[in-house]
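Below are the chains, spelled out letter by letter.
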Amino acid sequence: MSSVIFNSSLNLHHLYSSRRIVRMSAVETKNPNTLFQSMTIKPPSHPTYDLKGVIKLALAEDSGDRGDVTCTATIPFNMEVEAHFLAKEDGIIAGIALAEMIFHEVDPSLQVEWSRKDGDYVHKGLQFGKVSGRAHNIVVAERVALNFMQRMSGIATLTKAMADAASPAFILETRKTAPGLRLIDKWAVLIGGGRNHRMGLFDMVMIKDNHISIAGGIINAIKSVDQYLEQKNLQMEVEVETRTLEEVNEVLHYTSHTQTSLTRIMLDNMVIPLPNGDVDVSMLKNAVELINGRFETEASGNVTLETVSKIGQTGVTYISSGALTHSVRALDISLKIDTELALEVGRRTKRA
């Protein structure tokens, strides 16, 4: 039912009294090293990423130079309302902490309450939170908050399914994220139960095929990295991509006679698709057995929800999948003031 209030203060009652309430406060993000104490699952760290700046940019592109002309024309300035978050399909909810930051960026007086937290399962038709306060500001923040929540929830939902199927291996995303949303996409992976690969070009050495070709071979590339890290007095993880069992043996032979900074071997495209839709993981399994625990291993290529379980049984440490972020399907979520009408429409369209 619509709940519209015209006074300047709102007397809030508990949302869903039979359920636990999770209260979260907005977090200041000017300093990238800020601790996110109120968040159930904290975002990954990044030395230069400005999360608050990303929020401001998203709000600015929506408001332009004139603001919300529809709200200004139709909503009395002092009107206050209560709007409810509604899940329109099953999935893992993500972006709750970020959505609260968005509402408080628009209007610090808005009151936000949740009956679920980031990483929780929601089912179609569930009201899992509410925001109360000045109607104009709620509607201004609505789409930006939902855009982030829907994308993050889609990533978290797929990640959860992949992580469960991949066990005992760990599922990783890649750098195939939406430009400008790297930290947010990787945060959603954490919320879904995955682990983060390198954040960018700066926090891990990753020797890939083009580096190997330019360096004149896989051993030359590893030698160059070892020399560089020693000269710069840097300590960080080092991964090298291998594409054949011969390359794996070459790396193992070199590292058995030489002190190296190498920590992980990527086994790229060693999962072979078969005409019947299945995959052959024998090459991957052979590579893992050759390495025999001397280094972490990472399987890459032909990783899908259908194949990841078989890949995870080979003994590989990690499985990386770009699809977690580059091919995400958003989870359908809405924010409704008149929830009864929204549910009626949802039932008619089979979306709630």
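Quick caveat: nothing in here was measured; it's all calculated off a predicted structure.

Peer 1: Even after reading the chapter, I still don't get the sheet that holds strand 7 (residues 170-172), so can you show me in this structure?
Peer 2: In sheet architecture, strand pairing relies on hydrogen bonds along the backbone and comes in two forms, parallel and antiparallel. Here six strands make up an open sheet; going across it, the order is 7-14-13-10-9-8 and the pairing parallel. In this open sheet, the two strands that pair with only one neighbour each are strand 7 and strand 8 (205-207). Across the sheet, the mean angle separating the axes of adjacent strands is 25° when strand polarity is ignored. Relative to strand 14 (residues 318-320), strand 13 (residues 296-300) is paired through three bridges, and the arrangement is parallel. Residue pairing across strands places Glu298 opposite Tyr318, the latter belonging to strand 14. Contacting strand 10 (264-268) and strand 13, helix 9 (residues 282-291) runs over the sheet at an angle of about 165° to strand 10.

Peer 1: Looking at this structure, I do not really get the pattern of salt bridges. What am I missing?
Peer 2: One side chain can pair with another of opposite charge once the charged atoms of both are near each other. Across all of its chains, the model carries 14 salt bridges by this definition. Arg264 serves as the salt-bridge partner of Glu298, at 3.2 Å between the closest nitrogen and oxygen. Of the two residues, Glu298 sits in strand 13 while Arg264 sits in strand 10, which places them 34 residues apart along the sequence. Here Glu298 matches Arg264 in class, with each residue buried. For the salt bridge of Asp278 with Lys310, the shortest nitrogen-to-oxygen distance reads 3.1 Å. Remark: Lys310 occurs in helix 10 (residues 308-312) and Asp278 occurs in the loop between strand 11 (272-273) and strand 12 (279-280); sequence separation between them is 32 residues. Here Asp278 falls in the partly exposed class, since its relative accessible area comes to 34%. Residue Lys310 is classed as partly exposed on the basis of its relative accessible area of 35%. Here the salt bridges do not stand alone but share partners, grouping Glu237, Glu239, Arg264, Glu296 and Glu298 into one network.

Rules behind the numbers
- Residues numbered from 1 in each chain as written.
- Predicted model: local features only at pLDDT ≥ 70, side-chain atom pairs only at ≥ 80, totals over all residues.
- Heavy atoms only, no water.
- Pairing = 2+ DSSP bridges.
- Helix = DSSP H or I, 4+ residues; strand = E, 2+ residues; numbered from the N terminus.
- Axes fitted to C-alpha atoms, helices over the stretch in contact; angles between N-to-C directions.
- Contact = heavy atoms within 4.5 Å.
- Salt bridge = Lys/Arg side-chain N within 4 Å of Asp/Glu carboxyl O.
- Buried < 20%, exposed > 50% of the residue type's maximum accessible area, 1.4 Å probe, protein only.

So yeah, pure geometry; function would need other evidence.
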